[in-house]
Amino acid sequence: MMSRYEEAKKMFAKYGVDTDAAIKTLEGIKISIHCWQGDDVIGFENAGELSGGIAATGNYPGKARNPEELLKDFDVALSMIPGKHKINIHASYRITDENVDRDALEPKHFQPWIDYAKERGLGIDFNPTFFSHPKAEDSLTLSNPDKEIRDFWIRHGKASRKIAAYIGEQLGIPCVNNIWIPDGYKDIPADRLGPRKRLKASLDEIFSVKYDPKYIIDCVESKVFGIGLEAYTVGSHEFYMSYAAKNGICCLLDNGHYHPTEMISDKIPSLLLFFDKIPLHVTRPMRWDSDHVVLLDDEIKEIAKEIVRNDALDRVLIGLDYFDASINRIAAWVIGTRNMQKALLHALLLPSQKMKELQDSGNMTELMMLNEEFKTMPLGDVWAYFCEKNGVQSGTEWYEKIEKYEQDVLLKRN
Ligand code: RNT
Ligand code: ZN
């Protein structure tokens, strides 16, 4: 292993790239790993069905059915993911015996998550849950024309921010609180402005409570359309980007939420000029917001490049958001998270300064040549060394543990 790394190190050094420095930087990057891959976004409220224009398809055996199982599975995933990260949770994952509705949630209902994270040195990010609920059956929450329903969801939004701020304070790591709502219409609406006016007013109310930014990072997540809500989305990109810019909050970019040829790798450098922080939901859309597991594909690499070469590792907050129910869910966590890390390592191992100079001097031929050359540089050897150095298996060995866990634990759940 060492000799392969040493060899790779020399090859990168030839282009002025320091692999040791790249590894050190990668060790400091926290990925926010979403808890909802573990149970197909069901949560712990006995809600049963997922709603809100999103869908987890497949029925691979062994999904987590309760907090104990989910946390146990997450531990298995963590043992195969190098580094220290964050866990991203949803309000619907509250852990309590109380029959508490979403508008009455309190920090104490998330204490087990905080304890879990503290024990493991993890951070936590939070999301209010505006779907899979009787009051969201028509997918109208913060923009609902019915004031009573709107108020219910406003109370939920406020409760969530209070919880997030508490989590951030408890852990000493700021908690990203992300508002995503499904609101929209299946068919052509008669009024596009009204629902947006109501959403704006609801958000104003939710954000009227001030918290220390040391503890909470507020953001809003737009979307182009949801399943069954194809004609109109209240929280569109323009809506939220303007809202966020005007109100000093962040605009979260989910790369499954744009038109298929619209890439968030290109949006990151634009937003970096106007926003302090950019939270991400990294996913893999296939023809729609299908939330397939993140692979080491071109767009993930491009996203990582925009973060790394613009020195934005402390400003772009990388979170994952996919849910595939057709494969082993722990493997899904591990593969997707490791791919995000691999993409970052790939970006860290590029001679970015040299490449920028080539672009600025108009030498696009040499730039192309160099870019192509780097596609076959020994990234894998540096990755393997990074994994071993951080106490996790590289290659495919880790997968044997997943197979064993599937036999011993997951298959016994059904
Ligand atoms: C839905 C949004 C949202 C959810 C999660 C579960 O399209 O991407 O972020 O996926 O909150
Ligand atoms: Zn998302």
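Refer to the structure presented above.
First, a word on scope: everything that follows refers to the structure included in this document. Given the structure is predicted, the values throughout are model-derived calculations rather than measurements.

## A few points about the coordination of the zinc ion (ligand 2)
Alright, step 1. Each protein donor to the zinc ion (ligand 2) is listed here as Glu 221 (OE), Asp 254 (OD), His 281 (ND1) and Asp 321 (OD); together their distances run 2.1 to 2.2 Å.
Alright, step 2. Every donor counted, the six donor atoms about the zinc ion (ligand 2) form angles of 72 to 171° at the centre, which fits octahedral coordination.
Alright, step 3. Donor residues binding the zinc ion (ligand 2) come from one chain and are separated in sequence as E-x32-D-x26-H-x39-D. Taken together, the residues Glu 221 in strand β6 (residues 216-221) and Asp 254 in strand β8 (residues 250-254) connect sequence positions 33 residues apart. The same class applies to Glu 221 and to Asp 254, which are both buried.

## So, the nonpolar core
Alright, step 1. The biggest cluster of nonpolar side chains holds 124 residues, and the ones touching the most others in it are Trp 113, Leu 142, Leu 203, Ile 268 and Leu 280.
Alright, step 2. No other element matches helix α10 (residues 329-348), which puts 11 residues into this core.
Alright, step 3. With residues up to four places along the chain from it excluded, the contact list for Leu 280 reads Leu 252, Leu 253, Ile 264, Ile 268, Ile 303, Ile 307, Val 316, Leu 317, Ile 318 and Gly 319.
Alright, step 4. If you look at the next biggest cluster of nonpolar residues, it comprises five residues, including Val 176, Ile 217, Cys 219 and Cys 250.

## Quick word on α10
Alright, step 1. The first and last C-alpha atoms of α10 sit 29 Å apart over 20 residues, in line with the 28 Å expected at 1.5 Å per residue.
Alright, step 2. Where burial is concerned, most of α10 is hidden: 18 out of the 20 residues are buried.
Alright, step 3. For α10, the capping residue at the N-terminal end is Asn 328, with a side-chain oxygen 2.9 Å from the backbone nitrogen of Ile 330.

## Focus on the packing of aromatic side chains
Alright, step 1. One pass over the full model with this rule turns up 16 aromatic pairs.
Alright, step 2. Between Tyr 15 and Phe 374, the aromatic rings sit 5.0 Å apart at their centres with planes inclined by 70°, giving edge-to-face as the arrangement. Placement of Tyr 15 in the loop between α1 (2-13) and α2 (19-27) and of Phe 374 in helix α12 (residues 364-374) is noted, with a sequence separation of 359 residues between them.
Alright, step 3. Residue Phe 374 is classed as buried on the basis of its relative accessible area of 4%.
Alright, step 4. Between Trp 398 and Tyr 399, the aromatic rings sit 5.9 Å apart at their centres with planes inclined by 85°, giving edge-to-face as the arrangement.
Alright, step 5. On the basis of relative accessible area, Tyr 399 is assigned to the partly exposed category, the value being 36%.
Alright, step 6. Every member of this aromatic cluster is reached through a ring pair, and the members are Phe 207, Phe 239, Tyr 240 and Tyr 243.
Alright, step 7. Over the face of the ring belonging to Phe 152 we find Lys 135, whose NZ or CZ atom lies 4.7 Å from the ring centre.

Criteria and thresholds
- Residues numbered from 1 in each chain as written.
- Chains lettered and ligands numbered in written order.
- Predicted model: local features only at pLDDT ≥ 70, side-chain atom pairs only at ≥ 80, totals over all residues.
- Heavy atoms only, no water.
- Donors = N, O, S within 2.8 Å, 3.2 Å for Na, K, Ca; no water.
- Tetrahedral: all angles 85-135°; square planar, octahedral: opposite > 155°, others 65-115°.
- Helix = DSSP H or I, 4+ residues; strand = E, 2+ residues; numbered from the N terminus.
- Buried < 20%, exposed > 50% of the residue type's maximum accessible area, 1.4 Å probe, protein only.
- Core = buried A, V, L, I, M, F, W, Y, C linked by side-chain atoms within 4.5 Å.
- Contact = heavy atoms within 4.5 Å.
- Expected span 1.5 Å × (residues − 1).
- Polar contact = N/O pair within 3.5 Å; in protein donor to acceptor, adjacent residues only side chain to side chain.
- Phe/Tyr/Trp six-rings, centres within 6.5 Å; stacked < 30°, edge-to-face > 60°.
- Lys NZ or Arg CZ within 6 Å of the ring centre and 35° of its normal.

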